[in-house]
Structures are given as C-alpha cells and as structure tokens.
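Understanding the architecture of this molecule
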Amino acid sequence: MENCVFCKIAKKEIPSNLVYEDEYTVAFNDLNPQAPVHILVIPKKHYASLNEVDDPVIMGALLNAVKETAKKLNISDYRTVINTGKGAGQEVFHIHLHMLAGRPLKWPPG
Ligand code: 5GP
Ligand code: ZN
C-alpha cells in the first residue's frame with residue numbers, strides 16, 4: 001500500500017536491519033527498541049491490523065516467522081505482542097508482531 005512505511009520495508013524500498021525473511025514475511029529491528037532485542041515481524045502483504053487478516057496461511061506464517069526468528073537468533077525466552085487498534089497502542093497500520101527479549105519481562109506487564 002502506498003505511503004505505508006512497513007510495505008516499503010518489506011519491498012526493501014527503505015533500508016532496515018532485516019533479521020529474517022521467508023515467502024510471506026519479513027522481520028526487522030524496531031527503530032525505537034523497548035528491550036535489548038525488539039524485532040517486528042510483518043507480512044509482506046499489507047493488512048492494516050489483525051482484524052483485516054483474512055488468510056489463515058498468513059496467520060500461521062506470522063507465528064511461524066516469530067518462532068524461526070527466535071531460533072535463528074538463539075533466543076529461547078521472549079514476548080510476542082500484537083497491538084490492534086489505536087486504543088490498544090497501535091501506531092503503524094500494517095499488522096506487526098513485536099518480539100521482545102534480552103531483559104526480564106514481568107507478567108502481568110503493567
Ligand atoms: P505499534 O505501536 O503500532 O504497535 O508499534 C509500531 C512500532 O513500529 C513501534 O515500536 C515503532 O518504534 C516502530 N516503527 C515505527 N516506524 C518505524 C520505522 O520506520 N522503522 C522501524 N524499524 N520501526 C518503526
Ligand atoms: Zn503496509
């Protein structure tokens with residue numbers, strides 16, 4: 001989608017630090033990390049949020065990409081977050097899964 005920063009990253013039109021890529025997804029470092037490891041996993045195809053994803057293949061591919069990224073980086077403990085909608089903190093309207101790791105992550109998050 002035009003003017004979508006994550007579409008541009010997926011198409012490599014703007015540079016990012018890609019850490020994983022497969023047929024359906026890419027993963028790259030967050031610009032403003034909230035933990036020593038903060039990676040975003042996105043589908044190459046544009047969906048504004050989780051609510052718009054209509055393809056179970058993409059649903060599965062996103063979680064698979066999280067697992068493969070963790071494996072590739074040798075990370076065993078991490079948190080995966082999907083903010084859906086403004087009221088839940090979503091700021092970029094191309095669905096993305098946050099992966100946070102590298103520091104103690106308490107639960108409940110607070
Ligand atoms: P949200 O609040 O939508 O769940 O998360 C958006 C995330 O995208 C934030 O953590 C923010 O730091 C990150 N972000 C926003 N713009 C860019 C960008 O241009 N490049 C990268 N790598 N991350 C971005
Ligand atoms: Zn997009």
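Predicted model only: the values in this text are computed from it and were never measured.

What follows covers the packing of aromatic side chains. Across all of its chains, the model carries one aromatic pair by this definition. Taken together, a centroid distance of 5.4 Å and an interplanar angle of 75° make the contact between phenylalanine 6 and phenylalanine 28 edge-to-face. Of the two residues, phenylalanine 6 is situated in helix 1 (residues 5–10) and phenylalanine 28 in strand 2 (residues 25–29); the sequence distance between them amounts to 22 residues. Of the two residues, phenylalanine 6 and phenylalanine 28, both sit in the buried class.

Quick look at the coordination of the zinc ion (ligand 2) now. Taken together, the protein ligands of the zinc ion (ligand 2) are Cys4 (SG), Cys7 (SG), His46 (ND1) and His94 (ND1), with distances of 2.0 to 2.3 Å. Here the donor residues of the zinc ion (ligand 2) are spaced in sequence according to C-x2-C-x38-H-x47-H. One end of the pair, histidine 46, is in the loop between strand 3 (37–43) and helix 2 (56–72); the other, histidine 94, is in the loop between strand 4 (79–81) and strand 5 (97–101), and 48 residues separate them in sequence. Since its relative accessible area comes to 22%, histidine 46 is described here as partly exposed.

Within this model, the largest pocket holds a volume of roughly 410 Å³. At the level of elements, helix 1, strand 2 and strand 3 are the ones that each hand at least two residues to the lining of the largest pocket. Residue contributions to the lining of the largest pocket peak at three residues, all from helix 1. Considered class by class, the residues forming the lining of the largest pocket number nine nonpolar, ten polar and two charged.

Rules used throughout
Residues numbered from 1 in each chain as written. Chains lettered and ligands numbered in written order. Predicted model: local features only at pLDDT ≥ 70, side-chain atom pairs only at ≥ 80, totals over all residues. Heavy atoms only, no water. Phe/Tyr/Trp six-rings, centres within 6.5 Å; stacked < 30°, edge-to-face > 60°. Helix = DSSP H or I, 4+ residues; strand = E, 2+ residues; numbered from the N terminus. Buried < 20%, exposed > 50% of the residue type's maximum accessible area, 1.4 Å probe, protein only. Donors = N, O, S within 2.8 Å, 3.2 Å for Na, K, Ca; no water. 1 Å grid on protein atoms, 1.4 Å probe; cavity = no way out; pocket = protein on both sides within 12 Å on 5 of 7 lines; lining within 4 Å. Points joined across faces, edges and corners; volume = space filled by probe spheres on them. Nonpolar A, V, L, I, M, F, W, Y, C, P; charged D, E, K, R; others polar.

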